[in-house]
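Here is how the chains run, residue by residue.
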Amino acid sequence: MRVAFLKVGEYEGLARHFKALVRSFKEKGAEVLELNIAEGELNEKVKELLDFSPFFCIDLNASGVITVNQEDSKKALSDAAGFVHVSIFTDEPLFNFPPLMDISSATNFLPIVCDLKYADSLAFLGIKQIPSYITPFLDLQQMKEPSIERNINLAFFGPAIDPNIIANHVAQSVKQEFLGVFFEVGDFMFRNPEVHILQAHDYILSMFNPNLQEEYIKWKQEKPQEFLTFLNQISLYATAKKRWFLLSFLDGMELKIFGEVQGELFEGHQSIVPQNWNELLDLLGQSLIVITSYPHSVPTGIGFVPLEVACMGCAMFVDYRATLPGFFNPEEEVITYLPLDRAEIEEKVLYYLDNPDEALEIGERARQKVFERYTPQDRADFLYELFSNILKTSQQS
């Protein structure tokens, strides 16, 4: 089996965990090519790829999709060259829509999603293949041991941005008559944190007057890329509003925010911007309690960030969702909160600050859960078996 891993730059940040898949495929005996298509001329990289003659090419979030011009139209290189292009979606597919629009008619395309709702986004973008699913995982070689001393009592996993900054930017770039859609959908998602952007958008749009709906749908059809950018801006606004609202609950508490903050900091809050992921892990390893807030781009899954926080043994606050018990046991391995319930959040934060031993016990149980369930080996086994079955079927036909 020949497998090419297509990268745009090196595997950094959360993407570094996919180094484990490269190692696993090599250990299983596959011929592996790692190709950084961002370096040098793309034509040279394509030639190197075709000389390798892969059966499968793997990328993250469709970042390695390559198209060729044939008969005045774009065609996926995978269809033209006869290999299967596999994209593993660790993030919302709508965020990287341009390459997916280019290959909506591709035959040799296999999507793998890390959140079940991403299947809806792919279908919305015209991808006909039914995706496979894998849960997020951590390459433990990319992690660190937590510090013995927990000298940061309370932290928030950023970034955070004042939602008004996003709203003001959108107001300058979108037709004024469509701003009502932006705010109504964004506020609906803020009040209903588990709803996906596509469902929220269609539901709210149906309530506007027919004339505006007609004009809006015409714009959507004539300028689909502008429309998709608009949807992504709504998601970003809803996430920013949820996080800013949460930070306002903690006004006056001593809080370290890991990541950039755009907007005026609340009293007692300090932004710490790590220069790299190692610095971030060091900060997490020194933290007793870390509050996380799901972005709307992770609508139903666990995501990679909570796994890293858990792996560092922090007592993790996570906004409750119906799917959470399938990943971590609420109040045993993570501390849950409802994003709009100020009293609950304040009460739980103060309780665990006053009872650090209980917080450490929760963090340790979450850490053990990562070791037990969120390592890459079974994901690599699943993918290897999936690829083997595809090869076997193609050779029999």
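Residues numbered from 1 in each chain as written. Predicted model: local features only at pLDDT ≥ 70, side-chain atom pairs only at ≥ 80, totals over all residues. Heavy atoms only, no water.

(A) Representation of the pattern of salt bridges within the structure. Tallying each qualifying case throughout the model produces 22 salt bridges. The salt bridge involving Lys175 is made with Glu215; its shortest N-O contact spans 2.9 Å. Residue Lys175 is found in the loop between helix 6 (163–173) and helix 7 (179–191), and its partner Glu215 is found in helix 9 (residues 210–222); the two are separated by 40 residues along the sequence. A relative accessible area of 38% places Lys175 in the partly exposed class. (Salt bridge = Lys/Arg side-chain N within 4 Å of Asp/Glu carboxyl O. Helix = DSSP H or I, 4+ residues; strand = E, 2+ residues; numbered from the N terminus. Buried < 20%, exposed > 50% of the residue type's maximum accessible area, 1.4 Å probe, protein only.)

(B) Examining empty space enclosed by the protein more closely. The tally for this structure, following the rule as stated, stands at two cavities of 30 Å³ or more. The calculated volume of the largest cavity comes to roughly 70 Å³. Contributing to the lining of the largest cavity are Leu6, Gly64, Val65, Ile66, Ala76, Leu77, Ser78, Phe83, His85, Ile103, Ala106 and Phe109. Residues that form the lining of the largest cavity fall into these classes: nine nonpolar, three polar and no charged. Roughly 40 Å³ of internal volume is contained in the second largest cavity. (1 Å grid on protein atoms, 1.4 Å probe; cavity = no way out; pocket = protein on both sides within 12 Å on 5 of 7 lines; lining within 4 Å. Points joined across faces, edges and corners; volume = space filled by probe spheres on them. Nonpolar A, V, L, I, M, F, W, Y, C, P; charged D, E, K, R; others polar.)

(C) Just the sheet that holds strand 9 (residues 152–157), in detail. Read from one edge of the open sheet, six strands run 13-11-9-14-15-16, paired in parallel fashion. Either end of the sheet is taken by a strand with one partner, and the two such strands are strand 13 (269–272) and strand 16 (335–337). Within the sheet, the average angular offset between the axes of one strand and its neighbour, ignoring direction, is 25°. The pairing of strand 11 (residues 255–258) with strand 13 spans four bridges and is classified as parallel. Bridge pairing in strand 13 links Leu255 to His269. Against the sheet, helix 10 (residues 224–249) makes contact with strand 9, strand 11, strand 13, strand 14 (287–291), strand 15 (315–319) and strand 16, and its axis sits at roughly 155° relative to strand 9, the strand it touches most. Running over the sheet, helix 14 (residues 356–373) touches strand 14, strand 15 and strand 16 and is turned about 70° from strand 14. (Pairing = 2+ DSSP bridges. Axes fitted to C-alpha atoms, helices over the stretch in contact; angles between N-to-C directions. Contact = heavy atoms within 4.5 Å.)

(D) Highlighting the packing of aromatic side chains. Inspection of every chain in the model, using the stated rule, returns 26 aromatic pairs. Arranged with centres 5.1 Å apart and planes meeting at 80°, the rings of Phe178 and Tyr216 form a pair that is edge-to-face. Residue Phe178 is located in the loop between helix 6 and helix 7, and its partner Tyr216 is located in helix 9; the two are separated by 38 residues in the primary sequence. Accessibility assignment for this pair places Phe178 and Tyr216 in one class, buried. Every member of this aromatic cluster is reached through a ring pair, and the members are Phe124, Phe178, Phe182, Phe183, Tyr216, Trp219, Phe227, Phe230 and Tyr237. We note Lys28 situated over the ring of Tyr384; from NZ or CZ to the ring centre the distance is 5.6 Å. One cation-aromatic arrangement involves Arg321 over Tyr294; the distance from NZ or CZ to the ring centre is 3.7 Å. (Phe/Tyr/Trp six-rings, centres within 6.5 Å; stacked < 30°, edge-to-face > 60°. Lys NZ or Arg CZ within 6 Å of the ring centre and 35° of its normal.)

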